[in-house]
Amino acid sequence: MNTKPLIKLWLMLALSLTSLPGIAQNILTVRSAQNFERSMTSLQSSIETHGYKVAHVQRCDSGLTGLGYETDRYRVVFFGKHEEVRRLSADFPELIPFLPLKIAVFAEGEQTIISSINPTSLGEFYADDRLRIQFKRWENDLRSILSDMQQGGSAAAGEE
Amino acid sequence: MKIRSVAIALIALACSPQASAAPDGAALYESNCAACHQVNGGGIGLPLSASKLATVSDNYIKSTIRHGRIGRIMPAFPELSSAQVDAITAYIRSWSGVAGPQYPDTPLPGDRRRGGSLFKIYCSSCHSSDGSGEGLGTGVTYSRGRSFAVMPPAITNPGFLASASDHMIKRVIMLGRPGTAMKSFLDVGLRDNDFNDLVSYIRSFEAKQRIPSAAAEETEKSPALMFDSPNDFATTIASIKSAIEGKNFRYLPDRHLEKGLTESGQVNRRQMTIRYCNFQQLYKMMRVEPRLGVGLPCRITVIENDDGTVQLIAMNMRLIAQLFNNDQLLEFAEELHEIQLDIIDEALL
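Residues numbered from 1 in each chain as written. Chains lettered and ligands numbered in written order. Predicted model: local features only at pLDDT ≥ 70, side-chain atom pairs only at ≥ 80, totals over all residues. Heavy atoms only, no water.

Asker: Talk me through the overall build of chain B; I want residue IDs and the actual numbers.
Answerer: The number of helices and strands found in chain B is 19 helices and six strands. Within chain B, the proportion of its 349 residues that are buried is 51%. Long-range pairs, those at least 24 residues apart, make up 67% of the contacts in chain B with a sequence separation of at least 6. Accessible surface, chain B as shown: approximately 16,200 Å² in total, 55% of it carbon and sulfur. (Helix = DSSP H or I, 4+ residues; strand = E, 2+ residues; numbered from the N terminus. Buried < 20%, exposed > 50% of the residue type's maximum accessible area, 1.4 Å probe, protein only. Contact = heavy atoms within 4.5 Å. Areas by Shrake-Rupley, 256 points an atom, 1.4 Å probe, with all protein chains shown as cover.)

Printed below as a string of structure tokens:
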């Protein structure tokens, strides 16, 4: 009897139908109960678990406190798949300003806020159908990564 | 046999409480609202505190979810079903355990002009003379110092005006919002007709509302600005840099677009990103919109195509800024957009 995988599939389907989070959000944002350092670690491992490579992390913090922010912990994580970036930047140079993908991470007290542009919102500006599918795929990955963060970090972070 | 077990599993699923019961308000709140309002209604935005809940109706909460606050960060949630909106509202309501007040929908009669004079005396110091709120940001905005624990909101906001009934607005002015600078104006000594006049005045903001899409329509719809360079790859890069310096901006080390995604020997060397920055400008924007980092606007990429032509590509900031639902960001984005175009113009001379 191998009904188990099937049941699992149905369960996943049923769940994905009932738990659709708010669509049409242009900026996807989640709050992680982990502090900034732990969030950075688990974000990077979640990104890699989803098959992307972290290209670099840009610090955007020097001088933030001088402007009245209570935190100076602000980073932007750039990530992508080499083959994808190469192919898309050649076929659609107008995508380049959004490549590689980015997630902004900033501390709010002991918690961390993690945000990203919803690729599907960008997709509305592009006419090509192939891009629609690409944007949707990115959206799914980003939502999954952000949901890892919301749940307090991915498995890898749990090992710490 | 196989099919039958699946059918049974499906029936079991349909009967299990998770799958069939009313939508789970707590889970919906968690996925749609908590990123800003935290798990308990604190966090970004106006606090959803017990004392506030005691003065707002369920209809107000539901309508706020539907409309959001245009230009004030909170998005609208048109895609949630009524059952889902009801569930979220009931969940928020459960924090105080007390049923919300109900207000009649009837308009209050009042003298709008007199209300305007009262507004100037009692309200404009915080909500500004045109009702558009005070200072940068809205409510409680991220981790930065504020002149108020909770920033006075824009009471001209279409989302607010569409959601709040006259009677509710009157109640808010009478009782204030404990724990914030919004005090009780009953205690200040205002009287019933004063409140009615103030409400009439606040209602009159509705007529003056600008149409937010007017600006959007003018904006070039392409998310990328692309230009052909008359020069070769290296010269184009050099002239962008000198144009950046000419604007008193600083540039960061160049980066190939693919850098970090593969071994350095494999990187496409004909795509170079020039990142520049005027920290003051950037931070002005970050103050009103900390999520700005998701876009990192100040980048120009130079590419050399197979036929030897060279192009320059940058983000269309005016368009992208609109995704943030934050009016205060738009002005800054406009400034930066102009600067970006100037740099490009000069580099292409």
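On we go.
Asker: Describe the pattern of salt bridges, with residues and values.
Answerer: Within the structure shown, the criterion is met by 16 salt bridges over all chains. In this structure, A:Asp128 and A:Arg130 form a salt bridge, with 3.3 Å as the shortest nitrogen-oxygen distance. A residue is classified by how much of its surface remains accessible, and A:Asp128, at 26% relative accessible area, is partly exposed. A salt bridge links B:Glu206 to B:Arg203, with the nearest nitrogen and oxygen atoms 3.2 Å apart. (Salt bridge = Lys/Arg side-chain N within 4 Å of Asp/Glu carboxyl O.)

Asker: Quick rundown of the side chain of B:Asn316? Include the residues and the values.
Answerer: Relative to the helices and strands, B:Asn316 is located in the loop between strand S6 (310–315) and helix H18 (317–321). At a separation of 2.8 Å, a polar atom in the side chain of B:Asn316 contacts the main-chain carbonyl oxygen of B:Ser222. (Polar contact = N/O pair within 3.5 Å; in protein donor to acceptor, adjacent residues only side chain to side chain.)

Asker: Outline the domain arrangement of chain B, listing residues and values.
Answerer: Interfaces are often sized by the amount of accessible area the parts lose when they come together. All names here are of chain B. According to the domain assignment, chain B contains domain 1 (19–94), domain 2 (112–214) and domain 3 (222–347). For domain 1 and domain 3, the distance between their C-alpha centroids amounts to 38 Å. Across the boundary between the two partners, domain 1 contributes seven residues, which contact seven residues of domain 3. When domain 1 packs against domain 3, the two sides together hide about 440 Å² of surface, and 36% of this comes from carbon and sulfur. Three residues, Gly-71, Arg-72 and Ile-73, lead the burial of domain 1 against domain 3; their summed loss comes to 86% of the area buried on that side. (Domains from an automatic or database assignment. Buried area = accessible area lost by both parts, 1.4 Å probe.)

Asker: Now, about the nonpolar core: what can you tell me, with residues and values included?
Answerer: A:Ile47, A:Leu95, A:Ile103 and B:Ile240 are the most contacted members of the largest nonpolar core, which totals 81 residues. Of all hydrophobic cores here, the second largest spans 37 residues; its members include B:Ile61, B:Leu118, B:Val199 and B:Ile202. (Core = buried A, V, L, I, M, F, W, Y, C linked by side-chain atoms within 4.5 Å.)

Asker: Which residues make up unusual backbone geometry, and what values go with them?
Answerer: With an omega dihedral of -15 degrees, the bond running from A:Leu99 to A:Pro100 counts as a cis peptide bond. With respect to the secondary-structure elements, A:Pro100 resides in the loop between helix H3 (82–91) and strand S4 (101–108). The backbone of B:Ser128 sits at a positive phi, close to 65 degrees, despite the residue not being glycine. Tracing the sequence through the fold places B:Ser128 in the loop between helix H9 (124–127) and helix H10 (158–163). Positive phi, close to 65 degrees, is recorded for B:Asn248, a residue that is not glycine. The topology assignment puts B:Asn248 in the loop between helix H16 (233–246) and strand S2 (250–251).

Asker: An account of the packing of helix H6 (residues 58–67) of chain B against helix H7 (residues 82–94) of chain B is requested, with residue identities and associated values reported.
Answerer: All names here are of chain B. The geometry of H6 relative to H7 is characterised by a closest axis approach of 10 Å and an angle of 125 degrees between their N-to-C directions. Viewed along their axes, H6 and H7 adopt a mutual orientation that is oblique. The handedness of the crossing between H6 and H7 comes out as right-handed. Residues Asp-58, Ile-61, Lys-62, Ile-65 and Arg-66 of H6 pack against Ser-82, Val-85, Asp-86, Ile-88, Thr-89, Ile-92 and Arg-93 of H7. Across the contact of H6 with H7, the residue classes break down as five nonpolar, two polar and five charged. (Axes fitted to C-alpha atoms, helices over the stretch in contact; angles between N-to-C directions. Parallel < 35°, antiparallel > 145°, perpendicular 65-115°, else oblique. Left-handed = near helix turned anticlockwise from the far one by under 90°. Nonpolar A, V, L, I, M, F, W, Y, C, P; charged D, E, K, R; others polar.)

Asker: Residues and numbers for the packing of aromatic side chains, please.
Answerer: All names here are of chain B. Taken as a whole and assessed by the stated rule, the structure comprises 13 aromatic pairs over all chains. Between Tyr-91 and Trp-95, the ring centres sit 5.7 Å apart and the planes meet at 80 degrees, which makes this aromatic pair edge-to-face. Residue class for Tyr-91 comes out partly exposed when judged on its relative accessible area of 25%. Both rings, one in Phe-119 and one in Tyr-201, keep their centres 5.3 Å apart while their planes meet at 50 degrees; by these two values the pair is tilted. Of this pair, Phe-119 sits in helix H8 (residues 112–122) while Tyr-201 sits in helix H13 (residues 192–203), and the two are 82 residues apart along the sequence. (Phe/Tyr/Trp six-rings, centres within 6.5 Å; stacked < 30°, edge-to-face > 60°.)

Asker: Lay out the side chain of A:Ser39 with the relevant residues and their values.
Answerer: Residue and element names in this part refer to chain A. If you trace the backbone, Ser-39 turns up in helix H2 (residues 36–49). Taking relative accessible area as the criterion, Ser-39 reaches 1% and is therefore assigned buried. Here Gln-34 takes part through its backbone oxygen, which lies 3.3 Å from a polar atom of the side chain of Ser-39. With residues near it in sequence (within four places) discarded, Ser-39 still touches Ser-32, Gln-34, Thr-112 and Met-149.

Asker: So what's going on with the packing of H8(B) against H13(B)? Residues and values would help.
Answerer: Residue and element names in this part refer to chain B. Here H8 crosses H13 at 95 degrees, and the two axes come no closer than 7 Å. The pairing of H8 with H13 is recorded here as roughly perpendicular in orientation. Here H8 contributes Arg-112, Arg-114, Gly-115, Gly-116, Leu-118 and Phe-119 to the contact with H13, which in turn contributes Asn-193, Asp-194, Asp-197, Leu-198, Ser-200, Tyr-201 and Ile-202. For the contact of H8 with H13, the residue count by class is five nonpolar, four polar and four charged.

Asker: Give me the confidence of the model for chain A: which residues, what numbers.
Answerer: All names here are of chain A. Summing up the model confidence of chain A, the mean pLDDT is 77 and the portion of residues at 70 or higher is 71%. Confidence drops under a pLDDT of 50 for residues 1–23, and excluding neighbours within four residues, the segment shows 21 contacts in the predicted structure. Throughout residues 153–160 the model reports pLDDT below 50, and contacts reaching past four residues in sequence, or to other chains, amount to twelve contacts. (pLDDT = per-residue confidence, 0-100.)

Asker: Can you explain the sheet that holds strand S3 (residues 74–80) of chain A? Please cite residues and give values.
Answerer: Residue and element names in this part refer to chain A. With antiparallel pairing, five strands are arranged side by side in an open sheet as S1-S5-S4-S3-S2. Each edge of the open sheet carries a strand with a single partner, namely strand S1 (27–32) and strand S2 (53–59). On average, adjacent strands in this sheet sit at an angle of 20 degrees to one another, irrespective of strand direction. Sheet analysis places S4 next to strand S5 (residues 111–117), joined by five bridges and oriented antiparallel. Its bridge partner lying in S5, Glu-108 is registered against Gln-111. (Pairing = 2+ DSSP bridges.)

Asker: So what about the environment of B:Ile65? Which residues, and what values?
Answerer: All names here are of chain B. For Ile-65, the location among the structural elements is in helix H6. On the accessibility criterion, Ile-65 (7% relative accessible area) is buried. Along the chain, Ile-65 and Asn-32 lie 33 residues apart, while their C-alpha atoms are 10.0 Å from each other. Leave out the neighbours within four places in its chain, and Ile-65 touches Met-74, Pro-75, Ala-76, Phe-77, Leu-80, Val-85, Ile-88 and Thr-89.

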